[in-house]
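Structure at a glance
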Amino acid sequence: MPEQSWDTKVRLRAFQWLDEISPAQEDILPRTVLQGGFELDGQRIHLMSPQGIFTPKGCDYPLSITTVMNGHYPDRFEDAHRLSYRYRGNESDRNHRDNVGLRNAMRNNIPLVYFFAVAQGRYQAIKPIYVTGDDPARLTFTIMADTDGTFEGAISSDVAADQVRTELRRQYATAAVQVRLHQASFRERVLDAYRTHCAMCRLKHRELLDAAHIIPDSDPDGHPEVSNGLSLCKIHHAAFDRGIIGVRPDYVIEVREDVLREADGPMLKYGLQALHNSELLLPSRIVDRPSKEALERRYQVFTD
């Protein structure tokens with residue numbers, strides 16, 4: 001078996017390390033953790049840099065690309081299946097070494113990691129991703145995800161053997177990634193607005209909190225905006241979604257009448273019934289508070 005190159009060793013360990021730390025971080029990785037990186041053969045390997053396209057020392061290709069919140073470069077999903085990632089620099093920098101590095105990664109089908117900011121200083125790691133297109137006129141690369149998140153799976157796929165199947169697989173994976181990133185971004189923004197508290201019971205364990213849509217995301221008006229969200233613990237999220245709990249447009253919580261009449265122990269008594277006629281915890285910023293129009297629409301469903 002041939003000896004692995006330094007680039008392969010770094011890439012392999014980076015994929016493994018992200019698999020190890022992501023569950024402990026709820027898949028939301030602080031920038032400080034990613035910049036700190038890991039040790040490999042006595043060397044500190046960082047995973048990102050402020051420049052966006054990052055190649056660790058001694059590696060042949062970039063390891064990662066990053067999109068930050070409110071960044072200078074307008075990285076975006078062109079459609080459900082492809083992401084546009086801007087070159088580093090401007091027209092005079094088309095052949096900057098970072099841009100050349102991504103071209104080489106495209107040419108040799110090298111798997112990378114994409115760090116997408118879902119909140120300020122917090123990222124989701126999408127892997128593997130591939131550079132699948134280069135548009136010098138628009139200073140833009142096309143990026144697509146793939147389905148196997150392991151490094152071994154990324155390097156074992158024979159792209160040349162079936163280009164059509166590879167394209168369809170990557171379109172499917174990228175569409176799934178887009179949904180996942182939007183959901184994660186919505187959750188982080190809603191939880192931040194509510195200072196990581198359940199808006200009903202004030203529980204503040206982040207791992208037990210969800211971002212609940214007031215108007216469901218399956219509805220055309222169910223936009224992923226903070227004003228269409230509530231930070232709820234998992235119990236109250238389920239109760240809200242199933243019509244056990246409702247919220248009036250004046251931010252007062254109601255519990256369904258038949259549930260108020262039940263007798264079933266302390267969880268029912270203190271976790272649900274005690275919420276009746278209590279007030280919702282609100283974000284400090286008025287712009288983040290629940291839309292009264294959305295609450296009115298949802299309350300009508302609750303009372304029907």
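You'll find the structure just up there.
Overview of the structure. All figures in this text were calculated on a predicted structure; none of them were measured in a lab.

1. A word on the overall build of the chain
For the chain, the count of helices and strands is nine helices and 14 strands. With the C-alpha coordinates of the chain rotated into their principal frame, the extents come out at 70 × 40 × 35 Å. Split into buried and exposed, the 304 residues of the chain put 47% on the buried side. A fraction of 61% describes how many contacts in the chain between residues 6 or more apart in sequence connect residues 24 or more apart. Accessible surface computed for the chain: about 15500 Å², of which carbon and sulfur atoms make up 51%. Side-chain charges in the chain split into 38 positive and 43 negative, and the spacing between the mean points of these groups amounts to 4 Å.

2. Describing the environment of Leu112
With respect to the element layout, Leu112 can be found in strand S8 (residues 112-119). Residues Leu112 and Ser284 lie 172 residues apart in sequence; the distance between their C-alpha atoms is 39 Å.

3. Quick notes on the nonpolar core
Judged by nonpolar contacts, the single largest core of 32 residues is most densely connected at Met200, Leu230, Leu232, Phe240, Ile245, Val247 and Leu280. Sorting the residues of this core by element identifies helix H5 (163-193), strand S11 (209-213), strand S12 (229-233), helix H6 (234-241), strand S13 (245-247), strand S14 (253-255), helix H8 (266-272) and helix H9 (292-303) as the ones contributing at least two each. The greatest single-element share of this core, amounting to four residues, is contributed by H5. Apart from the residues lying within four places of it in its own chain, the contact partners of Leu232 are Cys198, Ala199, Met200, Leu208, Leu209, Asp210, Ala212, His237 and Phe240. Ile65, Phe77, Tyr114 and Phe116 belong to the second-largest nonpolar core, a separate cluster that totals 26 residues.

4. Description of empty space enclosed by the protein
A water-sized probe rolled over the atoms picks out the places where empty space is left. A complete count under the given rule lists one cavity of 30 Å³ or more for this structure. Volume-wise, the largest cavity comes out at about 60 Å³. Of all the secondary structure elements, the ones that give two or more residues to the lining of the largest cavity are strand S9 (122-135), strand S10 (140-145) and H5. For the lining of the largest cavity, the leading source of residues is S10, giving three residues. The residue inventory of the lining of the largest cavity, partitioned by class, reads nine nonpolar, one polar and no charged.

5. What to know about the pairing of strand S5 (residues 64-67)
Residues Ser64 and Thr66 point to one face of S5 and Ile65 and Thr67 to the other, with burial holding for every one of them. The pairing of strand S4 (residues 53-54) with S5 spans two bridges and is classified as antiparallel. Opposite Ile53, over in S5, you have Ile65 as the bridge partner.

Rules and cut-offs
- All residue numbers refer to positions counted from 1 along the written sequence of the respective chain.
- Where local features are concerned, this predicted model is filtered to residues with pLDDT of at least 70; where side-chain atom pairs are given and counted, the filter is 80 or more; whole-chain, interface and lining totals use all residues.
- Hydrogens are left out, water is left out, and the side-chain values use all remaining heavy atoms of the structure.
- A helix here means a DSSP run of H or I that spans at least four residues, while a strand means a run of E at least two residues long, and both kinds are numbered starting from the N terminus.
- Each residue is assigned to one of three classes by its accessible area relative to the maximum for its type, calculated with a 1.4 Å probe on protein chains only: buried under 20%, partly exposed between the two thresholds, exposed over 50%.
- Here, residues are in contact when the closest pair of their heavy atoms is within 4.5 Å.
- The Shrake-Rupley method, run with a 1.4 Å probe sphere, supplies the accessible areas, and residue values consider only the shown protein chains as cover.
- Positive charges come from Lys and Arg alone, negative charges from Asp and Glu alone, with His and the N- and C-terminal ends not counted.
- Lys charges are placed at NZ, Arg charges at CZ, Asp charges at CG and Glu charges at CD.
- What we call a nonpolar core is a set of buried Ala, Val, Leu, Ile, Met, Phe, Trp, Tyr and Cys residues that are connected through their side-chain atoms within 4.5 Å.
- Both site types are read off a 1 Å grid over the protein atoms alone. A 1.4 Å probe that fits but cannot get out defines a cavity, while an open set with protein on both sides within 12 Å along at least five of seven lines defines a pocket; lining residues have an atom within 4 Å of a point.
- Grid points are joined across faces, edges and corners, and a volume is the space filled by probe spheres set on the points.
- Three residue categories are used. Nonpolar comprises Ala, Val, Leu, Ile, Met, Phe, Trp, Tyr, Cys and Pro, charged comprises Asp, Glu, Lys and Arg, and polar comprises the others, including Gly.
- For two strands to pair, DSSP has to find at least two bridges joining them.

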